[in-house]
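Here's the letter readout for the chains.
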Amino acid sequence: MRRPGSRRLPLNAALAIVYIFASTVAAFSAPQTGPPSISKVEPPSWWIGHTINPVRLLVRGQNLQDALVYSTTPALRVSNPFVGDQRGTYLFVSVTVARTAKPGSYPLIVETLTGRATFAFTIESPLNPKTHFQGISSEDVIYLVMPDRFANGDPTNDAPSGSPAAANDRRNPRAYHGGDLRGIINNLQYFKDLGVTALWLTPWYDNWNGVNNCDKPWCPNTYYHGYHAIDYYAVEDRFGDMATLRELVEKAHGLGLKIIQDQVANHVGSRHPWVTDPPLDDWFHGTAAKHALNKFQNSVLLSPHANSVEFRNTLDGWFNDDLPDMNQEQPEVARYEIQNALWWIGTTGLDAIRQDTIQYMPRQFIRDLSNSLHRQYPKMWMVGEVFERDAAQTSFFIGGHKGWDGIDTKLDSVFDFPVWNASLQVFTNKLPGRALRDQLKYDALYPDPLQITTLTNNHDTPRFMSLDGASLEGARLHMAFTLSVRGIPQLYYGEEIAMEGKEDPDNRRDFPGGFPGDARNAFQNSGRTPDQQRMWEWTRDWIKLRRDHSALRNGRLIDLYYDDDAYVFARQDKAETVIIAINRADREKKATVPAASIGLRDGAEFTSLIGTTSGARVTNGQATLSIPPRTAVAYNVR
Ligand SMILES: [Ca+2]
Ligand SMILES: [Ca+2]
Ligand SMILES: [Ca+2]
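Cut-offs applied
- Residues numbered from 1 in each chain as written.
- Chains lettered and ligands numbered in written order.
- Predicted model: local features only at pLDDT ≥ 70, side-chain atom pairs only at ≥ 80, totals over all residues.
- Heavy atoms only, no water.
- Donors = N, O, S within 2.8 Å, 3.2 Å for Na, K, Ca; no water.
- Helix = DSSP H or I, 4+ residues; strand = E, 2+ residues; numbered from the N terminus.
- Buried < 20%, exposed > 50% of the residue type's maximum accessible area, 1.4 Å probe, protein only.
- Polar contact = N/O pair within 3.5 Å; in protein donor to acceptor, adjacent residues only side chain to side chain.
- Axes fitted to C-alpha atoms, helices over the stretch in contact; angles between N-to-C directions.
- Left-handed = near helix turned anticlockwise from the far one by under 90°.
- Contact = heavy atoms within 4.5 Å.
- Nonpolar A, V, L, I, M, F, W, Y, C, P; charged D, E, K, R; others polar.
- Pairing = 2+ DSSP bridges.
- Expected span 1.5 Å × (residues − 1).

Chemist: Please set out the coordination of the calcium ion (ligand 1) residue by residue, giving values where relevant.
Modeler: The calcium ion (ligand 1) binds to the protein through Asn152 (OD1), Asp154 (O), Asn157 (OD1), Asp158 (OD), Gly178 (O) and Asp180 (OD), with metal-donor distances spanning 2.3 to 2.6 Å. Between consecutive donors of the calcium ion (ligand 1), the numbers of intervening residues give the motif N-x1-D-x2-N-D-x19-G-x1-D. Separated by 24 residues along the polypeptide, Asp154 in the loop between α2 (147-150) and α3 (181-186) and Gly178 in the loop between α2 and α3 bring together distant segments of the chain.

Take a look at the structure:
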């Protein structure tokens, strides 16, 4: 990478412009072929009084070699322009927003020896922090939506101009199906009725509109899932636009629902214009033609004994050939991505971030990103996907403690894949009931187990009902356990109606009733089958139980009883004690629990809160619970 030199401002330019706040120039020798032009500015806007000031712009255009940049207003001051690519396609420039600036759109001028171009940069009024940027805690229940597969609220965006017909085909599980942001807006009351408090949407960045063809079983395919960004600053045109997204956030907030953005800083899509024309030589790890593939030796990211070859491969290797890996150790990349994360939050007022494949990015970067989020938005919350069944590895990435490398990632939460996995195994009868307790003991590794995000499932794994050994009762136990164990629960759309689905993309079927011509409408009680309705009411009731009992949200977890078929635990805070008793066996379970150990006096009564079962009374420091077969019950004890 070349470094910028400097050159004195041409006299005619100085005379022509009233305010010239800075100028430098990128040393460069390649011939220019014409006047400069500008096609994109990232970010296109920023805020007065932001914790990041100056903001670093990445300006894309043509013939930007040797560019000088001028501001014509005291509201904006420019510094440190730098063109790092030989083609003159990208100009980096820092812009300081004055404290006294007023919101509005201001021109910045790019001048080279062959001409001049102007681009607009907007200063925005910040959104009200009292009603935006709310963060997530164990008070919340998160619901994961895949916009393309949930509800089609706007048929006019199903087939953007120029997109092939095969890209939009509901018969193809790898094509776009037409779901969008309007479909989510139209169904916000559904989430309220179910009782969830936050929606995580899979990525809404703009993705390529075309179809990949090949002779493999996974073709033809599209990027309906959103993980192959071609523009970090645009909303997917099939899902809506920025105005629709802002409307979604505002309307969700109006109903007390939070919005979580799925961010993907580790990689972009191979159709991103950077891939053939990167801003810097080291913008990515390698090139489309020459790069390492990640071998996913993930444990080397944890081990202090890892060799550097394996370690670098796991951090720098491409997730696949279609997902170029960003180089966050290049400071311009890190700055770009941190600003991008903040820009979405500030622009839309969203409440939290789910960060994709977070462990494949340097821990220093995770820390810097987390710190930047918290510095600007004190309540901002980010959960990282560390898809590991080993709690040593998931806990290594959560913030609040330093790893052996001396780094505290400051990451607010990680998904609890270890406990999720144990629950799937137990409730499909592959592991004994006590395996839940055996996994939960590794909470010793986490600074605060209440901050872990527990999940029933997500879009990357088979749905519960399609696992070997699955039953509706098992699905109900898995749901009840996830909603009552410590942490911040996250559900996946359709689990509340026991949807089936094997490996991706079968686990991403359309939500029934969200699309024109659907035979059933599961958004309404009358449109659900009896089994769907039972599962829906069960899910709603356990969410409500959690909402009604602070101990389930914030209380300490205490193991009371565990054997081959049962797990009984208390959730206890200063206000109350709630007992959760789960029995997966086909017959009633008598479980005697050490009531005195959690401060319950003789004579205290166990009263059933959910599920039909008799109560119990504490005698000689113990209580014997009768847990009906294949169900979960909850008791209040007074
Ligand atoms: Ca649509
Ligand atoms: Ca698109
Ligand atoms: Ca990486």
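Let's pick the thread back up.
Chemist: Explain the side chain of Thr73 residue by residue, including any values.
Modeler: Mapping Thr73 onto the fold places it in the loop between β4 (68-71) and β5 (76-82). Judged by its relative accessible area of 11%, Thr73 is buried. Within polar-contact distance, the side chain of Thr73 engages the backbone nitrogen of Ala75 at 2.9 Å.

Chemist: Kindly report on the packing of helix α7 (residues 331-348) against helix α8 (residues 363-376), identifying the contributing residues and their values.
Modeler: Axis angle and axis distance: for two packed helices, these are the angle between their axes and the distance between the axes, and together they describe the pair. Packing of α7 against α8 brings their axes to within 10 Å, and their N-to-C directions diverge by 35°. Remark: the crossing between α7 and α8 carries right-handed chirality. For the pair α7 and α8, contact is made by Ala334, Glu337, Ile338, Ala341, Leu342 and Ile345 and by Phe365, Asp368, Leu369, Ser372, Leu373 and Gln376, respectively. In the contact of α7 with α8, the residues fall into eight nonpolar, two polar and two charged.

Chemist: Quick one: what's the story with the sheet that holds strand β8 (residues 115-124), residue by residue and with numbers?
Modeler: With respect to topology, four strands assemble into an open sheet ordered β2-β8-β7-β4, the strand pairing being mixed. Edge positions in the open sheet fall to β2 (45-47) and β4, since each of these has one partner strand only. Across this sheet, the average inter-strand angle for adjacent strands is 35°, counted without regard to direction.

Chemist: Just give me the short version of the pairing of β8, but keep the residues and values in it.
Modeler: On a regular strand, one side chain projects to one face of the sheet and the next to the other, so that they alternate. Bridging between β2 and β8 involves three bridges; their strand directions are parallel. Counterpart to Trp47 in the pairing with β8 is Glu124. Count of turn residues in the strand β7 (residues 104-112)/β8 antiparallel hairpin: two residues.

Chemist: Help me get a handle on the sheet that holds strand β19 (residues 556-562), residues and values and all.
Modeler: Think of a sheet as strands paired side by side through backbone hydrogen bonds, with each pair either parallel or antiparallel. The antiparallel open sheet is built from six strands, whose spatial order is β19-β20-β21-β26-β23-β24. Single-partner strands in this sheet number two, and they are β19 and β24 (616-617). Two strands pair when backbone bridges link them, and strand β20 (residues 566-572) and strand β21 (residues 577-583) are joined in this way by seven bridges, in the antiparallel orientation. Residue pairing across strands places Ala566 opposite Asn583, the latter belonging to β21. Helix α13 (residues 530-548) rests against β21, β23 (605-610) and β26 (631-637) of the sheet, and its axis sits at about 25° to β26.

Chemist: Lay out α8 with the relevant residues and their values.
Modeler: In an α-helix, one full turn covers 3.6 residues, which means residues spaced three or four apart are oriented alike. Taking 1.5 Å of rise per residue, 14 residues should cover 20 Å, and α8 covers 20 Å from first to last C-alpha, within 8% of that figure. Listed in full, the buried residues belonging to α8 are Arg363, Phe365, Ile366, Leu369, Ser370, Ser372, Leu373 and Gln376. On its buried side, α8 packs onto α7, β14 (352-355), β15 (381-384) and α9 (391-397).

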